[in-house]
Amino acid sequence: MKYVLVTGGVVSGLGKGVTASSIGVLLQACGFRVTSIKIDPYLNTDAGTMSPFEHGEVFVLDDGGEVDLDLGNYERFLDLKLTRDNNITTGKIYQSVIAKERRGDYLGKTVQVVPHITDAIQEWIERVAQIPVDGKEGPADVCVIELGGTIGDIESMPFIEALGQFSYRVGPGNFCLVHVSLVPVLNVVGEQKTKPTQHSVRQLRGLGLTPNLLACRSSKELDDNVKEKLSQFCHVPSSSILTLYDVPNIWHIPLLLRDQKAHEAILKTLNLRGVATEPNFKEWIATTKVYDKFHESVRIAMVGKYTNLSDAYLSVLKALLHASVACNRKLVVDWVPAENLEDDTSKEDPDAHKAAWALLKGANGILVPGGFGDRGVQGKILAAKYARENSVPFLGICLGMQIAVIEFSRSVLGLHDANSTEFDAKTKNPCVIFMPEGSKTHMGGTMRLGSRRTYFHVADCKSAKLYGNAHFVDERHRHRYEVNPDLISQLESAGLSFVGKDETGKRMEIVELPSHPFFIGAQFHPEFKSRPGKPSPLFLGLITAACDRTVVAASKGYNTKLPKGILGSHSPMLKTHNGNGFKSPNSPLNGVYTSTTANGVCVDGSC
């Protein structure tokens, strides 16, 4: 097994995740099988209990693992199916070591960071690297490891020590370190400054790790004299110093690496040049050209709670992009803060209220994503009502589906106090309730998580047609509330159709409004399995309906034939606030154009 470690220095948010994913793509293009591991130094055992403001979205895997959003990047870029063990956290490591200590596995020894914690980290990496994640038998050829955080962080120290030991143990020819650092350009003098990277590399070497390649983030390509200076002070050959400069979208990042012959430097370090092929990026390049030719746009109003942080809806954005590319349209996302749609805002901030409604009414389609908490719920209900009454294509995901049911119960059934017990525990008409098997005392890992099967109970429905007339579908879940089964017959009698249910037939999974051109809610999160070349069927249905406002036909189904050049194993990445994309001035956010009300959110790619 060969290992590539990606670390980051100077500041966070430089794009280590994109760099790690792109290195994986580059190695795949050279004929190698790749697996990925993300190390997060925080003490949480997983990302499940963290606010999106802390760490962006929580990405859910098939096995129910709640992990860092970078694992979503890996799955989409490399077309992998990862496990919860591919995300290592300090909490997981300490938990495993303490469990061993309690069992007496250390035979009375004093348990210490070195060697017990560092050994546990190395053992975890070696074990997980052997697990196939690409659907083939046997381990991958190369494991790409990303160390989260920035070199010098206190919480990263045990991992730095462990990885230093690990590089020595696996030996030369089996370990390659790529250090992502910042080369800023000071506006006052217009000069690229190397000192931050020099200090970062010096600190890294002082901790026992020596970089084989430098990936320098800068607004423009590095000057030759800057490369020479970095080579002299960082002890890295000029040919192994890469520039990751700002680009319109991250389709270009693997190509940047290829053009700078990053693969040759990595393959030389790993002694793989003799068995590698020339990187084949024919389809990747074709994909970029196809997208660049799109002129017509499709506008989707994203009505959410965290509209000032695109990372909170990263997978949703990607799923929208995959579907819009399949429909030959440029995607424009209108960020609509749910709170701004509410009546209270019309009194407190009438301009924001007016702007939010203008965005909603100007969109071709409306999407209400998942979420927790009661902030903005009334605004989401108003958005669902507007979509239902005005025949605007609508997709509700998880909470978005529950919102659609609440709105229908209030407006059509006349149950004016209908609500979810999440928002009103004393409501007399609970149309959304806490799941019986859920825990009300423990938060972490207690939701209905991971891949679950949904059976179609209505064959002639839009959802089943979008999934290729399948009898069932496996999608990933993350929720602790569900539609009240006691209200189903009443809701269906009024015109709402629950076309998809779980294996018991008692848990509602997909709801449709048959009389509407496209009005669908899903309890699961279809965005987590969306890929370019195979976009999520429900997102594809939304975009298709938004483009022509017609009923989605079966021909637009699960195995939709996409424009030539759209590659199923690669994913265009979006600009995020955690560095998961490289932005150039006045450009769209890596393929996605955005607009918003004046609330500090990125406007037209200018953030």
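In the block above lies the structure referred to throughout.
What you see is a predicted model; the values in this text were computed from it and never measured.

Peer 1: What exactly am I supposed to notice about the overall build of the chain here?
Peer 2: A tally of helices and strands in the chain yields 19 helices and 24 strands. Of the roughly 23,600 Å² of accessible surface on the chain, 49% is carried by carbon and sulfur atoms.

Peer 1: I would appreciate a short explanation of the side chain of Asn419 in the present structure.
Peer 2: With respect to the helices, strands and loops of the structure, Asn419 is situated in strand β16 (residues 419–420). When sequence neighbours within four positions are dropped, the list of residues in contact with Asn419 reads Ile406, Arg410, Asp424, Thr427, Asn429, Pro430, Cys431 and Val432.

Peer 1: Would you explain the sheet that holds strand β17 (residues 430–434) in this entry?
Peer 2: Note on sheets: strands pair through backbone hydrogen bonds, and any given pair is parallel or antiparallel. Read from one edge of the open sheet, three strands run β16-β17-β20, paired in mixed fashion. Two strands in the sheet have a free side with no partner beyond their single neighbour: β16 and β20 (481–483). Bridge count between β16 and β17: two bridges; the pairing is parallel. Bridge pairing in β17 places Asn419 opposite Pro430. Along the sheet face, helix α16 (residues 399–411) touches β16, β17 and β20 and points at about 150° away from the line of β17.

Peer 1: Which parts of the structure should I look at to understand unusual backbone geometry?
Peer 2: Working note: non-glycine residues mostly have negative phi, and peptide bonds are mostly trans. Looking along the chain, the bond that leaves Val114 and enters Pro115 is cis, with omega of 20°. Counting through the fold element by element, Pro115 comes out in helix α5 (residues 113–129). Of note, the phi angle at His235 is positive, near 60°, even though the residue is not glycine. Note that His235 resides in the loop between α8 (224–234) and β11 (241–245). A positive phi angle is found at Cys398, which is not glycine, with a value near 55°. By secondary structure assignment, the location of Cys398 is in the loop between β15 (394–397) and α16. Judged by relative accessible area, which is 5%, Cys398 ranks as buried.

Peer 1: Explain a negative patch on the surface to me, please; I cannot follow it from the model alone.
Peer 2: A grouping of Asp343, Asp344, Glu348, Asp349 and Asp351 is seen on the molecular surface, where their side chains present a negatively charged patch. Looking at the negative patch, the element that brings in the most residues is helix α13 (residues 343–348), giving three residues. Along the chain, Asp351 falls in helix α14 (residues 350–362). A relative accessible area of 61% means that Asp351 is categorised as exposed.

Peer 1: Is there a simple way to explain the sheet that holds strand β6 (residues 142–147) in this structure?
Peer 2: If you walk across this open sheet you meet the seven strands as β5-β2-β6-β1-β7-β10-β11, and the pairing is parallel. In the strand order of this sheet, the two ends are held by β5 (87–89) and β11, each with one partner. For this sheet the average axis-to-axis angle between neighbouring strands, irrespective of direction, equals 20°. In this sheet, β6 lies alongside strand β1 (residues 2–8) in parallel orientation, the contact comprising five bridges. Note that in β6 the partner of Lys2 across the bridge is Val142. Contacts from helix α4 (residues 90–103) reach β2 (34–40) and β5, with the element oriented near 70° to β5. Relative to the sheet, helix α7 (residues 195–206) contacts β1, β7 (175–182) and β10 (213–218), its axis offset from that of β7 by approximately 145°.

Peer 1: I'm lost on the pairing of strand β23 (residues 519–522) in this one. Help?
Peer 2: It is a general feature of regular strands that their side chains alternate between the two faces of the sheet. What you see with β23 is no split at all: Phe519 and Gly521 on one side and Ile520 and Ala522 on the other are buried throughout. Examined bridge by bridge, β15 and β23 share four bridges and lie parallel to one another. Considered in β23, the bridge of Phe394 is made with Phe519. Relative to β23, strand β22 (residues 508–512) runs antiparallel, the two being bridged by three bridges.

Peer 1: Please explain the pairing of strand β21 (residues 497–501) as it appears in this structure.
Peer 2: Burial analysis of β21 places five of its five residues in the buried class, which makes it a mostly covered element. Two strands pair when backbone bridges link them, and strand β18 (residues 448–456) and β21 are joined in this way by two bridges, in the antiparallel orientation. Counted as the bridge partner of Tyr455 is Lys501 from β21. Judged from the four bridges that link them, β21 and β22 form a sheet pairing that is antiparallel. Paired with Ser497 across the strands is Glu512, a residue of β22. Between the end of β21 and the start of β22, which pair antiparallel, lie six residues, with Gly505 showing a positive phi angle near 80°.

About the criteria used
Residues numbered from 1 in each chain as written. Predicted model: local features only at pLDDT ≥ 70, side-chain atom pairs only at ≥ 80, totals over all residues. Heavy atoms only, no water. Helix = DSSP H or I, 4+ residues; strand = E, 2+ residues; numbered from the N terminus. Areas by Shrake-Rupley, 256 points an atom, 1.4 Å probe, with all protein chains shown as cover. Contact = heavy atoms within 4.5 Å. Pairing = 2+ DSSP bridges. Axes fitted to C-alpha atoms, helices over the stretch in contact; angles between N-to-C directions. Buried < 20%, exposed > 50% of the residue type's maximum accessible area, 1.4 Å probe, protein only. Patch = residues over 30% accessible without salt bridge, like charges linked within 9 Å, V, L, I, M, F, W, Y side chains within 5 Å. Salt bridge = Lys/Arg side-chain N within 4 Å of Asp/Glu carboxyl O. Lys, Arg positive; Asp, Glu negative; His and termini not counted. Charge placed at Lys NZ, Arg CZ, Asp CG, Glu CD.

On their own, these measurements won't tell you what the molecule is for.
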